[in-house]
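Summary of the model geometry
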Amino acid sequence: MKMFYLQLRNELWKLFGKKRTYIGFGAFFVTEIVIALLFRYNHGARNFVVRPLERMGYTAEEVLSSLTIAVSMLFPIANLLMPLYVSLVGGDLMAKEAEDGTLRMILSRPISRVRLLAIKWVAGAIFSAVLVLGLAGCAILLTSIFFTPGGLYVVAPWEGIMSVFEPGRGWQRFLLADFFLICNAISIMSLALMLSCFNMKPAAAAIVAISVVVLNLILQDMPALADLKEWFITYYFRTWLNCYREIIPWWKIGQACCMLFGFNLTFFIIGATAFQVRDIKS
Amino acid sequence: MIQLQNVKKYFGQRLAVNDLSLHVPKGEIFGLLGHNGAGKSTAIGMMLGQVWPSDGEILVCGHEVTRNRQQALQKVGAIFEAPVFYDYLSAWRNLEILSHYTAPTPASRIREIVDWVGLSGREQSKVRTYSHGMRARLALAQALLPQPDLLILDEPNDGLDPEGIHEMRQTILRLHREMGLTILLSSHQLNEVEQLCTRIAVMNQGEKVFEGTIAETRRAQSWFKLRTGDFAASVKILREAGMIIGEREGSLVLLAEGTGSDAVVVKLVGAGHRIFEIGPESQNLESFYLSLVQGRKGAA
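The structure reproduced in this document is the subject of the present report. All figures in this text were calculated on a predicted structure; none of them were measured in a lab.

1. Details of the overall build of chain A
Regarding its fold elements, chain A presents 12 helices and 2 strands. The N-to-C order of helical and strand elements in chain A reads α-α-α-α-α-α-α-β-β-α-α-α-α-α. The globule rule puts the C-alpha radius of gyration for 282 residues at 19 Å, and the 20 Å found for chain A is close to it. Its C-alpha atoms put chain A at 65 × 45 × 35 Å along the principal axes. Looking at chain A residue by residue over its 282 residues, the buried ones come to 53%. Put simply, 79% of the contacts in chain A that link residues at least 6 apart link residues at least 24 apart. Summed over all atoms, the accessible surface of chain A reaches about 12,400 Å², with 70% contributed by carbon and sulfur. Counting 25 positive and 17 negative side-chain charges, chain A places the averaged centre of each group 10 Å from the other.

What follows is the structure, given as C-alpha cells:
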C-alpha cells in the first residue's frame, strides 16, 4: 500500500509538474470570465435565463444570483471544453511516456504493466476531479464578483428542467451535480487512457477519444436512433443535470452510475490487455 | 546472471532476433556488439521484459523474465541510449520517481548516489538545464539506486564527447571493481568494448555470430596483409578462385575457410603477379568484427 501511495504521488508530480496540464484550467478560466461578462452586460444572455422565470412570476433581481449564473455557465463548458481537456490529459498519460522514451525507463523496473496502468488511472481520476472542482470553484468565484448571492434557478429546456431552489438547497444540488460531473470527466479520461495504451501518438489518442464522445452525442440525439439511446455512453453523462430537477430521479442516477462504472471497467480491461501484449521499444 | 536460450523475435513477418543463445556469467563485463539494427536493443528489451520473445527462454538473475518479471528485475539497473527524463522536474524528483518503481528509497540513499555520480549541488536543478554528460550521470544514478547486481547499459556513450566517454569508461570500471557488478554493455563502439569487456558476443542481422573472450578475438587471424604489384587485379583473381571472401583498405584480404597464405602465393605467382608482402594482420577487435560481419556478407 505504501508503494502504491508513493507511486501515485510520483504520478501526480509528473502530471501536475507539466505546463500543458494547466492549459485546461487556463482555458476554463478565460471562458468563464467571458461567459460571466456576457451574463452581466449582454441582454440576450441574461434573457435566456430570466425570461422563462419571469413568466413564472420571479423578478430578474431574484433570478440573477451568482449560483444561477455559475450553473448556467457550466452547461456549455461541461459539454464541450471539459471532454476536450480530460481527453488531452488522458491521452497523454501513457502515450506521451511511450513517445518520450520515459516508459522504457519505467519498464526497466520491476513494476507490472497492470499496476502502472492502475496508478495512471487513479492519477487521471484525481486530475479529472481537480479539473471539475476547479471549474466549479472558479465559476462561483467569478459570478460572486458580478452577481449577488441568492437562490438557484435552473433553466435547461432541452432536458425539460426549470427548477427553483432556495440558497441552501441550491448549494446542495450544485455540489451533487459537480460530483456526477466528475464521474463524466473520469469516464472520458478512461476512454482516452485506454486508447493511449495502444501504439498511437498522444494527440491521436485524445482526438479519437473526443471523436468517440462527439459521435455518441450525435447518434444519441438522432430521432431515428431514439430506441438505442441507452447504448451510448453520453446518454449517462446527462445524470448530473438530473440533480437540478425538483425531485431527483435517484433510480436514473443509480442506473447511470452503474453503467459508467461498467464503461470504465471495460476501458481499463481493454487498455490493460493492449498494454500488456505491446512491445515497448525505443 | 543472464541466460538466453534459443530466443526468437518476430515483428510481423520480420525476424529481428533469430535463435539467440547467450550466457552472461556473474561478475563479467560482457559486451554485446553489432551494427545498428543487428538486434542488440531488441535482445536487451527482451531481457528487461519490454519486448515479448516469440520463442525461447530468458533467465535474468535466475528468474524467467516473461513469467516472473518482478523478481527477475528486482536487482537490475538499466541505462538506455540518449537517456530521457522528466525534463520539467528536478534531478532529485526524477530519481525519487524512478526508484519508487522498484522499492521505497530513503533520501539518504538518493543523496549517497547523487554524491557518487558527482551531481551534488545540481540535484535540485531541472533536468532540462543538464548537459549530455550530466544526463549520463543521472542515468547512471537512477540505474544504481535499487542497489543492482546486474547493470544493463544500452549504448551508454551515445551523444557523449570524448571526455564524457572517458569518464563513463572509468565509471563502468569502478562499478565493476568496487561494487562487483555484472555489466552487460551493448555498443557499436568497438574501442570502448575492447577496453572494458572480458567477454563479447557479436550480433549480425539478428543472429549471434560470435561469443567468446577478447583474447580469443585476438587469436583469430583471418585477415591477411597483401602487397602486390596490382592489388585490385590480385583480388579479382583470388575472388574468382574462391580463395578470399573480403578485402578492405587496399591491402587486406579475408581468406576463405581452408585457404592458406601459401595457396594464395602459388595462385598469384602462377598468374604472373609480383608479391611484396603477405602475412597475417595483427588483430584488434575492429578487424575481428569486420572480418566476422564482412565474412558473413561474402558468404551470403
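Don't stop here, the text continues.
2. Re the overall build of chain B
For chain B, the helix and strand inventory stands at 11 helices and 14 strands. With the C-alpha coordinates of chain B rotated into their principal frame, the extents come out at 75 × 40 × 30 Å. Considering chain B as a whole, with its 300 residues, one finds that 53% of them fall into the buried category. In chain B, once contacts between residues fewer than 6 apart in sequence are set aside, the share between residues at least 24 apart is 68%. Total accessible area computed for chain B in this model is approximately 12,800 Å², and 46% of it derives from carbon and sulfur atoms. Between the centroid of the 32 positive side chains of chain B and the centroid of its 33 negative side chains there is a distance of 2 Å.

3. Points about the interface of chain B and chain A
Counting residues at the interface gives 35 residues for chain B and 33 residues for chain A. Interface area for chain B against chain A, summed over the two sides, is near 3,200 Å², with a carbon-plus-sulfur share of 56%. Linking chain B with chain A are 2 salt bridges. The residue D154 of chain B makes a salt bridge to R104 of chain A at a minimum N-O spacing of 3.6 Å. Summed over the shared surface of chain B and chain A, the result is 21 residue pairs in polar contact (both at pLDDT 80 or more). Listing elements by their share of the side of chain B that touches chain A, those giving two or more residues are β1 (2–11), α2 (69–72), β6 (76–79), α3 (91–99) and α5 (132–144) of chain B. Top element by residues in the side of chain B that touches chain A is α3 of chain B. It accounts for 5 residues. Of the residues that constitute the side of chain B that touches chain A, the class distribution is 20 nonpolar, 9 polar and 6 charged.

4. Quick look at the sheet that holds strand β5 (residues 63–64) of chain B
Residues and elements named next belong to chain B. Pairing is antiparallel across the open sheet formed by 4 strands, whose spatial order is β2-β1-β4-β5. Among the strands making up the open sheet, the edge pair consists of β2 (14–24) and β5. As paired elements, strand β4 (residues 55–60) and β5 share 2 bridges and run antiparallel to each other. Among the inter-strand pairings, V60 is bridged to a residue of β5, identified as H63. The strands touched by helix α1 (residues 40–47) are β1, β2 and β4; relative to β1, the strand with the most contacts, the crossing angle is about 115 degrees.

5. With respect to unusual backbone geometry
All names here are of chain B. Here A82, not a glycine, exhibits a phi torsion of approximately 45 degrees, which is positive. Its place among the elements puts A82 in the loop between β6 and α3. Phi at Q205 takes a positive value of approximately 50 degrees, unusual for a residue other than glycine. Structurally, Q205 is set in the loop between β9 (199–204) and β10 (207–213).

6. A closer look at α3 of chain B
Extensive coverage of α3 of chain B is indicated by the burial of 8 of its 9 residues. Looking at α3 of chain B, one finds that the buried residues are A91, W92, N94, L95, E96, I97, L98 and S99 of chain B. Here the buried face of α3 of chain B lies against α1 (2–17) and α6 (102–106) of chain A together with α4 (107–117) and α5 of chain B.

7. Let's talk about the packing of α1 of chain A against helix α7 (residues 113–146) of chain A
Residues and elements named next belong to chain A. Interaxial distance between α1 and α7 falls to 9 Å at its minimum, and their mutual angle equals 55 degrees. Judged by the inter-axis angle, α1 sits oblique to α7. The two elements α1 and α7 meet at a crossing, and its hand is right-handed. Where α1 approaches α7, its residues M3, F4, Q7, L8, E11, L12, K14, L15 and F16 are matched on the opposing element by R115, I119, K120, V122, A123, I126, F127 and V130. Considered class by class, the residues forming the contact of α1 with α7 number 12 nonpolar, 1 polar and 4 charged.

8. Digging into the sheet that holds β9 of chain B
Residue and element names in this part refer to chain B. Taken in spatial order, the 6 strands make up an open sheet running β6-β7-β8-β3-β9-β10, and their pairing is mixed. Each edge of the open sheet carries a strand with a single partner, namely β6 and β10. Each adjacent strand pair in this sheet contributes to an overall mean axis angle of 15 degrees, direction not counted. Note that strand β3 (residues 29–33) and strand β8 (residues 182–187) share 5 bridges and pair parallel. Note that in β8 the partner of L32 across the bridge is S186. Contacting β3, β7 (150–154), β8 and β9, α1 crosses the sheet at an angle of about 150 degrees to β8.

Rules and cut-offs
Residue numbers here run from 1 along each chain, matching the order of that chain's written sequence. Chains and ligands are labelled sequentially in the order written, the chains with letters from A and the ligands with numbers from 1. Restriction of local features to residues with pLDDT of at least 70 applies here, the model being predicted, together with a cutoff of 80 or more for giving and counting side-chain atom pairs; totals for whole chains, interfaces and linings are based on all residues. Calculation of side-chain values draws on the structure's entire complement of heavy atoms; hydrogens and water are dropped beforehand. Secondary structure is summarised from DSSP: a helix means a run of H or I of at least four residues, a strand means a run of E of at least two, and numbering begins at the N terminus for each. For the radius of gyration, the atom set is restricted to C-alpha positions; the globular benchmark scales as 2.2 Å times the number of residues to the power 0.38. To sort residues, take the accessible area from a 1.4 Å probe on protein chains only and compare it with the maximum for the residue type: under 20% means buried, over 50% means exposed, and anything in between is partly exposed. The contact rule is simple, with two residues in contact once any of their heavy atoms fall within 4.5 Å. For every accessible area listed, the method is Shrake-Rupley and the probe measures 1.4 Å; residues are considered covered only by the protein chains on display. By the counting rule applied here, Lys and Arg register as positive and Asp and Glu as negative, while His and the ends of each chain are not counted. Lysine's charge is taken at NZ, arginine's at CZ, aspartate's at CG and glutamate's at CD. In short, buried area is how much 1.4 Å probe accessible area vanishes from two parts on joining, totalled over both. Salt bridges are counted wherever a side-chain nitrogen of Lys or Arg sits within 4 Å of a carboxyl oxygen of Asp or Glu. Polar contact is the term for a pair of N or O atoms within 3.5 Å; when the atoms are in protein, one must be able to donate a hydrogen and the other to accept it, and sequence-neighboring residues count only if both atoms are side-chain atoms. When residues are grouped by polarity, Ala, Val, Leu, Ile, Met, Phe, Trp, Tyr, Cys and Pro land in nonpolar, Asp, Glu, Lys and Arg in charged, and all others, Gly among them, in polar. The pairing criterion for strands is at least two bridges between them, as found by DSSP. For helices, the fitted axis covers only the stretch in contact; all axes are lines through C-alpha atoms, and the angles between them, taken along N-to-C directions, range from 0 to 180 degrees. The scheme is simple: roughly parallel for angles under 35 degrees, roughly antiparallel for over 145, roughly perpendicular for 65 to 115, oblique for anything else. In this scheme, a crossing is called left-handed if the near helix is turned counterclockwise away from the far one by less than a right angle; it is called right-handed if the turn is clockwise.

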